[in-house]
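Single-letter residue listing:
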Amino acid sequence: MKIAITGKGGVGKTTLTALLAQIYAVAGRQVLAVDADPSPCLAGALGFPDDLRSQLSPVAEMDQLIEERTGAKPGQIGGFFTLNPRVDDIPDRFSVLHRGVRLLEMGSVDIGGSGCICPESAMLKTLFTHLLFRKDDVLLLDMYAGVEHLGRATVDFVDAMLIVVEPTRRSLGTAAQIKKLAIDIGLEKLWIVGNKIKNSEEIEFLKTQTPGLPVLGVMNADLGVQEADRLGVAVYDYVPSLRQSGIEISEKIDQMINGN
Ligand SMILES: Nc1ncnc2c1ncn2[C@@H]1O[C@H](COP(=O)(O)OP(=O)(O)OP(=O)(O)O)[C@@H](O)[C@H]1O
Ligand SMILES: [Mg+2]
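Along every chain, residues carry numbers that run from 1 in the direction the sequence is written. Chains and ligands are labelled by the order in which they are written, letters from A for the one and numbers from 1 for the other. The model is predicted, so local features are restricted to residues of pLDDT at least 70 and side-chain atom pairs to those at 80 or more, both for listing and for counting; the totals for chains, interfaces and linings are taken over all residues. Just so you know, side-chain values use all the structure's heavy atoms and leave hydrogens and water out.

## Some details on the packing of helix α1 (residues 13-26) against helix α12 (residues 240-258)
To obtain each axis, a line is fitted to C-alpha atoms, and for helices this fit is confined to the stretch in contact; angles are then taken between N-to-C directions over 0 to 180 degrees. Strands here are runs of E lasting at least two residues and helices are runs of H or I lasting at least four, both read from the DSSP assignment and numbered beginning at the N terminus. With their axes 9 Å apart at the nearest point, α1 and α12 run at an angle of 75 degrees to one another. In this view, α1 runs roughly perpendicular relative to α12, as classed from their interaxial angle. Between α1 and α12, the residues in contact are Thr15, Leu16, Leu19, Leu20, Ile23 and Tyr24 and Leu242, Arg243, Gly246, Ile247, Ile249, Ser250, Ile253 and Asp254, respectively. Polar here means any residue other than Ala, Val, Leu, Ile, Met, Phe, Trp, Tyr, Cys and Pro, which are nonpolar, and Asp, Glu, Lys and Arg, which are charged; Gly is therefore polar. Across the contact of α1 with α12, the residue classes break down as nine nonpolar, three polar and two charged. Roughly parallel means an angle under 35 degrees; roughly antiparallel means over 145; roughly perpendicular covers 65 to 115; every other angle is labelled oblique. Residue contacts are counted whenever heavy atoms from the two residues lie within 4.5 Å of one another.

What follows is the structure, encoded as structure tokens:
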């Protein structure tokens, strides 16, 4: 099962990815979580201890590896480099495992097209496609805001995309843009997850103002999320209300994808 999590900046994509990752791991599934944000913070939301976090760095920033695999230095424009470097060893070699969640930091990827033709983008595109082909039990992609960077490969292999929204018109406006782009590239399984909800009026607002997409679930606004961040512990452990919402959302995902 492969799920991409997207939405406007700051809405809670990383929080939801971390919750789902831990929930599936606790359920005995093998989870690969991929942080595709240029400034990674999924390790923090998962409560990875410092010694493990220090072993992680985004593949996008591994200049030596990129040069070794593509034959050219990152940042170089023009010249020759391979467009399909070897990447199959990267997910296992550069990820770390903690409480059943394997985490890989990738850095931002532009799969969609307009990105630069340079060694690092060749490396990331190949790696991204490889991740989509891998037979991981559960693959969760914590995407950079928006979908412009998603290409056809994503559509063919991602089972669903969750769009996280706050109960604001702005956040729903971004969701509408994401929906349009996603539908343009053929992605149909798109669901909304509401976050930072304070009352039932806000749930109602989301349901009536959603850009024609089903609301899969909601998570309450809870100051515990920020506290967990300050303390460096997992939202899953520290914020019971979000853990419960995450479990309900994961059950809905299973229902929608597998019909069980
Ligand atoms: N349910 C919640 N209640 C209260 N605060 C929350 C909740 N969910 C997320 N936050 C807070 O909102 C901020 C953004 O959350 P998060 O990092 O998960 O969002 P994001 O969409 O991944 O952001 P970015 O676009 O920067 O990657 C964080 O400070 C987080 O603590
Ligand atoms: Mg994030």
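Alright, that's what it looks like, and here's the rest.
## Things to note about the nonpolar core
Residues belong to one nonpolar core when they are buried, are Ala, Val, Leu, Ile, Met, Phe, Trp, Tyr or Cys, and are joined through side-chain atoms within 4.5 Å. A 1.4 Å probe rolled over the protein chains alone gives each residue an accessible area, and that area as a share of the maximum for its type sets the label: buried under 20%, exposed over 50%, partly exposed in between. Counting 43 residues, the largest nonpolar core has Leu16, Leu162 and Ile253 as its most contacted members. For this core, the element with the most residues is α1, which contributes eight residues. When residues no more than four places from it in sequence are discounted, the contact partners of Ile253 are Met1, Ile3, Leu20, Tyr24, Leu162, Leu216 and Asn258. Ranked by size, the runner-up nonpolar core spans 37 residues in total, among them Val59, Ile90, Phe128 and Ala175.

## Regarding the sheet that holds strand β4 (residues 101-105)
Overall, mixed pairing links the eight strands, which are arranged β3-β4-β2-β5-β1-β6-β7-β8 in an open sheet. Of all the strands in the sheet, just β3 (96-98) and β8 (215-220) have a single pairing partner and so form its edges. For this sheet, the mean angle separating the axes of adjacent strands, direction not counted, is 25 degrees. Pairing between strands requires that DSSP locate at least two bridges from one strand to the other. Relative to strand β5 (residues 138-142), strand β1 (residues 2-7) runs parallel, the two sharing four bridges. Paired with Ile3 across the strands is Leu140, a residue of β5. Its contacts with the sheet put helix α9 (residues 200-209) on β6 (160-165), β7 (190-197) and β8, and the angle it makes with β7 is roughly 155 degrees. Packing of α12 onto the sheet brings it into contact with β1, β6, β7 and β8, and relative to β8 it is tilted by some 170 degrees.

## Focus on α1
Under the 1.5 Å per step criterion, the end-to-end length of α1 is 20 Å for 14 residues, consistent within 8% with the ideal 20 Å. Of all the 14 residues making up α1, 13 are buried; the element is thus mostly covered by neighbouring parts of the structure. A positive phi of about 90 degrees marks Gly28, the residue just after α1. To estimate the expected span of a helix, subtract one from its residue number and multiply by 1.5 Å.

## Let's talk about the layout of surface pockets
Definitions used for this entry: grid spacing 1 Å over protein atoms alone; cavity, a set of points where a 1.4 Å probe fits but cannot get out; pocket, an open set with protein on both sides within 12 Å along at least 5 of 7 lines; lining residue, one with an atom within 4 Å of a point. Grid points are joined across faces, edges and corners, and a volume is the space filled by probe spheres set on the points. Estimated volume of the largest pocket: approximately 510 Å³. As for the largest pocket, its lining consists of 25 residues, of which Gly10, Gly12, Thr14, Thr15 and Val225 are closest to the centre. Elements with a minimum of two residues in the lining of the largest pocket: α1, α2 (42-45), β7 and α10 (224-231). Broken down by class, the residue content of the lining of the largest pocket amounts to 10 nonpolar, nine polar and six charged.

## Remarks on the pairing of β8
With four bridges connecting them, β7 and β8 associate as parallel partners. By the bridge assignment for β8, Ile197 is matched with Asn220. Assignment of crossover handedness uses the view with strands pointing away from the viewer, where a clockwise path from the first strand over the helix to the second indicates a right-handed crossover. What joins β7 to β8 is α9, and the crossover it makes is right-handed.

## Some thoughts on the site of ligand 1
To be near a molecule or strand, a residue needs just one of its heavy atoms within 4 Å of it. Lining the immediate surroundings of ligand 1 are 17 residues, of which Gly10, Lys13, Thr14, Thr15 and Asn220 lie closest. We get accessible surface area from the Shrake-Rupley algorithm with a probe of 1.4 Å; when it comes to residues, only the shown protein chains can shield them. Here ligand 1, which alone exposes 630 Å², has 77% of that area covered by the protein. A pocket or cavity is taken to hold a molecule when more than half of that molecule's atoms are within 2 Å of the pocket's grid points. When each cavity is represented as a set of grid points, ligand 1 is found to reside in the largest pocket. Going through the elements one at a time, α1, β7 and α10 are the ones with two or more residues in the shell around ligand 1. For the shell around ligand 1, the element with the most residues is α1, which contributes three residues. Looking at side-chain class alone, the shell around ligand 1 contains four nonpolar, eight polar and five charged residues.

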